Amino acid sequence: MKVIILRKKQFKAESKKLLDMMINSIYTHKEIFLRELISNASDATDKLYFKSLTDTSIATDKLAIRIDLDKDARTVTISDSGIGMTPEELEKNLGTIAKSDSLNFKNENEGDENMENIEVIGQFGVGFYSSFMVADKVEVVSKALGCDEAAKWVSEGADGYTIEPCEKDSVGTVITLHIKDDTENDNYSQYLEQYKIQELVKKYSDYIRYPIVMEMTSQVPDPEKEGEYITEVNDEVLNSQVPLWRKSKSEIKDEDYNEFYKQKFYDYTDPALVIHSKTEGQATFDALMFVPQNAPFDFYSKEYEKGLQLYSNGVLIMDKCGDLLPDYFSFVKGLVDSADLSLNISREILQHDHQLKIIAKAIDKKIKSELTKLLRKEREKYEKIWETFGVQIKWGVYADYGMNKDGLKDLLLFKSSNGGWATLKEYRDRMADSQDNIYYACGETAEKIALLPQCEAVKEKGYEVLYFTDDVDEFAIQMLMEYDGKHFANILKDDFDLSTDAEKEAMQKQNENSKEWLGKMKDLLGDEVTAVKLTNKLGSHAVSLAAEGYVSLEMAKVLSQMPGANDQMKAQLVLEISSSHPIAEKLANADEATLEKYTKILYNQARLIAGLSVENPTELADSIADLMV
């Protein structure tokens, strides 16, 4: 076919507008141009490989993509040994923006069994024009398979383009970018540096299936002069080509996973858990995820950004896709590789469509499944993960009005009076038939909770108590409401009572008989408490504080620290005095002055036991000293 020189052509008006938009706003980062051009080169090489499956005359042993840099000429050249383009194809594919030859190729061969091994990356035909973000002139020389002559396409942007005949020995395409001069805000010269190109290939195109080759300069020891170095220039392959996550699990050792994780996610320790899965069905994707041993330094700060890396056929599309992870698994690191996602024209922003939701749901289910398996089979490993990230999972139970509580409840762990950690199921399995509720108490640490008067009394009756030590614990349990038909009971609440009916009746009479001096104590304390009463649930201890109503002591502590806290968020406190302790008799027989002093001391002691602050510690110390004299 004879190629003739074509006059300069103009882009269509809508194409000019789209080109201007794309250069100035569609792409977030200018460096994306290299990813787009390499992806296009990979597609062209795939097409030639596809042809070779039915045409044995086509050699495929040297398929590669090459990058050449020329600092003096300020050019970056990307060459491929792919199928190439005819002049008509250059006109059709590059003369109309958003015209994708790759998409046409995919559609035309849909259903062909040979397409199973072909990965078409570019499907929208806009990526090529990202070149104009860094170049003021772009030249494309291409020779198509089966065509005797080559053609050259040249454009300096929205003004238009020319196509003319040229010489090219081999089949394939060569794209030359004339890099812009630096400006005050943009350093375009960086794209002429070997280290920058190497970095971008590693970041975005590391898993392109064909070798990406570039001439690299390095300093090596001089074999003839000890202690001196010489400069060597050699072709080097910049990409890994085969992604770890696409290999069979049987081919991968633990050391391979660990090394990949540490290099990819900049950690110095091995991951606590590796999750490697391939999912097929409504959505087909590979996932490789890791649970770190340690929380990132900024994990609980506003600066922390959750998300998995997102790849499409081995090409990095998004460094952190937050939509793929629920907040309660935000500590998980890793990646997802899928060819099924609907990408927008820049491949940087995902359409929030049904496909993405299917993948996110499958990932959520997989993480839960693997954590559950670890909890069941390798308890010690799970407990270490829980100690680091358990709070985040508990927030997941509470968040979104408890929407995710059923899927997370069996992952929960709490310290227990039975010793060590306990799941809700383990607690439930150990419950006596006569026990109606799952008992818990809140405090700063498990050790401090164990010393609470109410806790001692409950344990003496043979019941197990769960120790809640995190701010979120009680909120999560309130949202959970019940587990396997058993409700949760806070043993530090005023209405908690394990007494028999006879014991309750006897205590009611004792309070009635002591109404006068209990009332005086209430008057002395004023609004600090809602009541002062005798109780039989403190074991050997004299006094304690309990809360009545919905807001418990621990909930009040948490709520009081929140912005806009008010009196409605305070716990309604009840001062409880052990009816069997000698102090009760002393209070009943005390004169007015002694009763006032005892009341203040007991109230402040109760606050200390509950982990609350004492308003006037000096007065408390002086009052105790006076009693000792």
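Just so we're clear, the structure is a prediction, and the values are computed from it rather than from any experiment. (Residues numbered from 1 in each chain as written. Predicted model: local features only at pLDDT ≥ 70, side-chain atom pairs only at ≥ 80, totals over all residues. Heavy atoms only, no water.)

Caption draft 1: Spotlight on the sheet that holds strand 12 (residues 315–321). Taken together, 5 strands build an open sheet; the order of strands is 9-10-13-11-12 and the sheet is mixed. Sheet topology places strand 9 (273–279) and strand 12 at the edges, where each strand pairs with a single neighbour. Adjacent strand axes in the sheet meet at a mean angle of 15°, parallel and antiparallel pairs treated alike. Inspection of the sheet shows strand 9 paired to strand 10 (residues 285–291) by 7 bridges, in the antiparallel sense. Bridging from a neighbouring strand, K278 pairs with D286 of strand 10. (Pairing = 2+ DSSP bridges. Helix = DSSP H or I, 4+ residues; strand = E, 2+ residues; numbered from the N terminus. Axes fitted to C-alpha atoms, helices over the stretch in contact; angles between N-to-C directions.)

Caption draft 2: Examining the nonpolar core more closely. Counting 69 residues, the largest nonpolar core has L324, F329 and I363 as the members making the most contacts within it. Residues contacting I363, with those up to four places away along its chain left out, are F285, M289, L308, L324, L325 and V336. Counting 55 residues, the second largest nonpolar core, distinct from the first, contains L37, L177, I212 and Y261. (Core = buried A, V, L, I, M, F, W, Y, C linked by side-chain atoms within 4.5 Å. Buried < 20%, exposed > 50% of the residue type's maximum accessible area, 1.4 Å probe, protein only. Contact = heavy atoms within 4.5 Å.)

Caption draft 3: Here's a closer look at helix 13 (residues 473–480). Of all 8 residues in helix 13, 6 are buried; the element is thus mostly enclosed. Positive backbone phi, at 70°, marks M481, one or two positions downstream of helix 13.

Caption draft 4: Just the packing of aromatic side chains, in detail. Summed over all chains, the structure comprises 26 aromatic pairs. Ring geometry for Y439 and F496: centres 5.3 Å apart, planes at 80°, overall edge-to-face. Taken as a pair, Y439 in strand 16 (residues 437–442) and F496 in the loop between strand 19 (486–490) and helix 14 (501–513) lie far apart in primary sequence, 57 residues in all. Here Y439 and F496 have matching classes, each one buried. Chaining the aromatic ring pairs together yields one cluster made of Y207, W245, F260, Y261, F265, F290 and Y311. (Phe/Tyr/Trp six-rings, centres within 6.5 Å; stacked < 30°, edge-to-face > 60°.)

Caption draft 5: Representation of the pattern of salt bridges within the structure. All told, the structure shown has 39 salt bridges when counted by the stated rule. For the salt bridge of K425 with D429, the shortest nitrogen-to-oxygen distance reads 3.0 Å. With K425 and D429 both in helix 10 (residues 424–430) and 4 residues apart, the pair spans about one turn of that helix. Its relative accessible area of 46% is what places K425 among the partly exposed residues. One network of salt bridges, with partners in common, ties together E31, K196, E199 and K203. (Salt bridge = Lys/Arg side-chain N within 4 Å of Asp/Glu carboxyl O.)

Caption draft 6: The packing of helix 8 (residues 379–402) against helix 13, seen in detail. For the pair helix 8 and helix 13, interaxial distance at closest approach is 8 Å and the crossing angle is 55°. With respect to their mutual orientation, helix 8 and helix 13 come out oblique. Where helix 8 crosses over helix 13, the two elements pack in a sense that is left-handed. Contacts between helix 8 and helix 13 involve K394, V397, Y398, Y401 and G402 from the former and D473, F475, A476, M479 and L480 from the latter. Here the residues of the contact of helix 8 with helix 13 are counted per class, giving 7 nonpolar, 1 polar and 2 charged. (Parallel < 35°, antiparallel > 145°, perpendicular 65-115°, else oblique. Left-handed = near helix turned anticlockwise from the far one by under 90°. Nonpolar A, V, L, I, M, F, W, Y, C, P; charged D, E, K, R; others polar.)

Caption draft 7: Highlighting a negative patch on the surface. Taken together, D148, E149, E167 and D169 make up a surface patch of like negative charges. Topologically, D148 is positioned in the loop between strand 3 (135–143) and strand 4 (150–155). (Patch = residues over 30% accessible without salt bridge, like charges linked within 9 Å, V, L, I, M, F, W, Y side chains within 5 Å. Areas by Shrake-Rupley, 256 points an atom, 1.4 Å probe, with all protein chains shown as cover. Lys, Arg positive; Asp, Glu negative; His and termini not counted. Charge placed at Lys NZ, Arg CZ, Asp CG, Glu CD.)

Caption draft 8: Here's a closer look at the layout of surface pockets. Quantified by volume, the largest pocket comes out at close to 1000 Å³. Around the largest pocket, the lining is made up of 38 residues, and of these Q263, K264, F265, Y266 and Q309 lie nearest the centre. Sort the elements by how many residues they give to the lining of the largest pocket and helix 6 (residues 254–265) lands first, with 6 residues. Grouping the constituent residues of the lining of the largest pocket by class yields 16 nonpolar, 7 polar and 15 charged. (1 Å grid on protein atoms, 1.4 Å probe; cavity = no way out; pocket = protein on both sides within 12 Å on 5 of 7 lines; lining within 4 Å. Points joined across faces, edges and corners; volume = space filled by probe spheres on them.)

Caption draft 9: Here's a closer look at the confidence of the model for the protein chain. Per-residue confidence for the protein chain gives a mean pLDDT of 87, with 87% of residues at or over 70. Overall, residues 118–124 carries pLDDT values under 50, and its contacts beyond four positions in sequence, including any with other chains, amount to 38 contacts. (pLDDT = per-residue confidence, 0-100.)

Caption draft 10: Structural detail: the packing of helix 2 (residues 32–52) against helix 5 (residues 194–204). One can describe the packing of helix 2 onto helix 5 by two numbers: an axis separation of 10 Å at closest approach and a directional angle of 65°. As for the relative orientation of helix 2 and helix 5, their crossing is right-handed in sense. Residues I32, L34, R35 and I38 of helix 2 form the contact with helix 5, whose own contacting residues are I197, L200, V201 and Y204. Of the residues assigned to the contact of helix 2 with helix 5, the class counts are 7 nonpolar, no polar and 1 charged.

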